[in-house]
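# Structure assessment
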Amino acid sequence: MTRVGVRLIPTTGLILGLFAGPYGTWAQLSPTATQPTTPPQTQPATPTDALWLRVTASELNIRVLPDPDSLVVARVPFGTLLRAIDVDTHGWYRVLPPTELFGYVAREYIQPDVDSTGLVSIQTGTLRVRAGSLVQRGDPVTLDVVARLERGERVRILAEDGDWFRITLPDVVRYYVAGTHITVIDADEAQRLLSQGAAVTAAPESDDLPTPPPATAPTPTGPDLGGAWGQRLVPIEKAVTTEANKPFAEQQWDELIVRLRPIAAQREEPLVAALAAGWLEQLERRVQQQETARRAEEILRRSDRDQARHEREMARLRAVRAAATRPAYTASGLLMRSLVAGTGGGADTVAFKLHDPLTRRLEAYLELNPTDRALATQWVGRYVAVSGERRTDATLGTAVVRVTALVDLSDTAVPVTQPAPTRQGR
């Protein structure tokens, strides 16, 4: 199965990646700018005079997070020009979005006015703003939260959608494209393409296409990993990445969990401790997922073994049954005791019967002479065949065989559940 990733940007400034496999998720963590790594990039560093992007794929997704699993809010076709605002170290470009994008807020917390605006009327906390999408339809409650509004803030209402209002998104919302399907071009090339009719997602700020601020590396806001505890955390991150790249069943997390615990428990560097605690929680959850997967696999293996054993036994019974149904025998089946007495009396008293092991159908009652009756007592539960005179007994309502020969056709006893006797009348 193809692995997919979820990369979250926490307030610590570190990148936390959750990658889903057949049995759960695993964590990949990248340090802050104070401890840089070298992620795979498909684009060179963006120069200050090249802040336009040209789409090179047939379609390019615009997302609300720099994450390949986040919500796609719009798609733009090949050749479209995008205005780049920033680029991170993982190759994601922050861009100006199409003007028709929108967000969702819960209708019950907005007090509408006559001018298509509304006032946030939440009593406590903040009101979540969820991203809408021009290309993906979903329940708003499941969509990405991209902003929060305080009580008393005003929003512009675009439309009603059930229990939700569609609103113009706040300016704090950001939009991203992956750098794998774009080409960075300079302002002169953008001007030339626009003059030839190229589409652009956002109108230029002026006719001379002014260059937006140069792309810069994000300002580090996470913990300082230069301290004694931070330095202990850096090699653990590398070990987590290495371990996560192994096959699921081969991943070993116990040693890393032991190394993380004292870092999470220390109080000298609180931000480092909080970060280590988050990693620790992820790895402990991963161990639980592995154990669940192992138990599930063992149950499947046992089920497969039981099924194979059952199929072999049924095949053996079918073969024995086929051999026993040859014309040489009057009847065949599993030999079982009977609680029903026949009409012969004495030595001919019915004390045994034959059942088909596959259909559980009663084949015949047996009338046995003393010698065969003693033998049948030892063969109860075995597959046998009988020869003799067959007749229908009106009292019993089924066939009765006066046995002249009794033959054991099974190598071992076949365990069966003997049906309870049928009550006849009161």
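Scroll up for the structure.
Rules of the game
Counting restarts for each chain: residues are numbered from 1 in the order of the written sequence. Restriction of local features to residues with pLDDT of at least 70 applies here, the model being predicted, together with a cutoff of 80 or more for giving and counting side-chain atom pairs; totals for whole chains, interfaces and linings are based on all residues. To get the side-chain values, all heavy atoms of the structure are used, and hydrogens and water are removed first. Only the contacting stretch of a helix is used when fitting its axis, a line to C-alpha atoms as for every element, and angles between N-to-C directions run 0 to 180 degrees. Numbering of helices and strands runs from the N terminus; a helix is a DSSP stretch of H or I covering at least four residues, while a strand is a stretch of E covering at least two. For classification, angles of less than 35 degrees are called roughly parallel, those exceeding 145 degrees roughly antiparallel, those between 65 and 115 degrees roughly perpendicular, and all remaining angles oblique. For a crossing to be left-handed, the near helix must be turned anticlockwise from the far one by less than a right angle; the clockwise case is right-handed. Every residue pair with non-hydrogen atoms within 4.5 Å of one another is taken to be in contact. Residues are sorted three ways: Asp, Glu, Lys and Arg are charged, Ala, Val, Leu, Ile, Met, Phe, Trp, Tyr, Cys and Pro are nonpolar, and all the rest, Gly among them, are polar. Strands are treated as partners if at least two bridges between them are detected by DSSP. Throughout this description, buried means an accessible area under 20% of the type-specific maximum (1.4 Å probe, protein chains only), exposed means over 50%, and partly exposed covers the range between. An arc is given here, and it is the one of the directions from the helix axis to the C-beta atoms. Two N or O atoms form a polar contact when they lie within 3.5 Å of each other; inside protein one atom must be a possible hydrogen donor and the other a possible acceptor, and for residues adjacent in sequence the pair counts only when both atoms belong to side chains. What counts as a ring pair is set by centres within 6.5 Å for rings of Phe, Tyr and Trp (its six-membered ring), and what kind of pair is set by the plane angle: stacked under 30 degrees, edge-to-face over 60, tilted for all other angles.

Direction vectors running N to C along helix 2 (residues 228-244) and helix 3 (residues 254-265) enclose 155°, while the axes themselves pass 10 Å from each other. Looking at the two axes, helix 2 sits roughly antiparallel to helix 3. The element helix 2 and its partner helix 3 pack so that their crossing is left-handed. Counting all contacts with helix 2, which are made through Trp229, Arg232, Leu233, Pro235, Ile236, Ala239 and Val240, the residues of helix 3 involved are Leu256, Arg259, Leu260, Pro262 and Ile263. Across the contact of helix 2 with helix 3, the residue classes tally to ten nonpolar, no polar and two charged.

Spatially, the five strands close up into a barrel ordered 18-19-20-22-21, and their pairing is mixed. On average, adjacent strands in this sheet sit at an angle of 55° to one another, irrespective of strand direction. Relative to strand 21 (residues 383-393), strand 18 (residues 331-337) is paired through four bridges, and the arrangement is antiparallel. Residue pairing for strand 21: Ser332 is matched across the bridge by Ala385. Set on the sheet, helix 5 (residues 370-379) makes contact with strand 18, strand 19 (352-355), strand 21 and strand 22 (398-408); between it and strand 22 the angle comes to about 85°.

On to helix 1 (residues 187-195), then. Among the residues making up helix 1, those that are buried are Ala187, Ala190 and Leu193. Across the axial projection of helix 1, the buried residues extend over an arc of 120°, all falling on one side. Residues Asp188 and Ser195 are exposed on helix 1 and point more than 90 degrees away from its buried face. On the buried face of helix 1, the contacting elements are strand 4 (52-55), strand 7 (81-87) and strand 17 (182-185). In this structure Asp186 caps helix 1, since a side-chain oxygen of it lies 3.3 Å from the backbone nitrogen of Asp188. A positive phi of about 100° marks Gly197, the residue just after helix 1.

Turning to the packing of aromatic side chains, a few remarks are in order. Where two aromatic rings form a pair, the distance of their centres and the angle of their planes describe that pair. This model, assessed by the stated rule, comprises two aromatic pairs. Centroid distance Phe102 to Tyr104: 5.5 Å. Interplanar angle 85°. Geometry classified as edge-to-face. Exposure class is identical for Phe102 and Tyr104. Each is buried. Aromatic pair Tyr104 and Trp164: ring centres 6.4 Å apart, planes at 80°, arrangement edge-to-face. One end of the pair, Tyr104, is in strand 9 (residues 103-106); the other, Trp164, is in strand 15 (residues 164-167), with 60 residues separating them in the sequence.

Mapping His181 onto the fold places it in the loop between strand 16 (176-178) and strand 17. On the accessibility criterion, His181 (40% relative accessible area) is partly exposed. Taking C-alpha positions, His181 is 9.6 Å from Asn61, a pair spaced 120 residues apart along the chain. Apart from the residues lying within four places of it in its own chain, the contact partners of His181 are Arg54, Val55, Thr56, Ala57 and Leu60.

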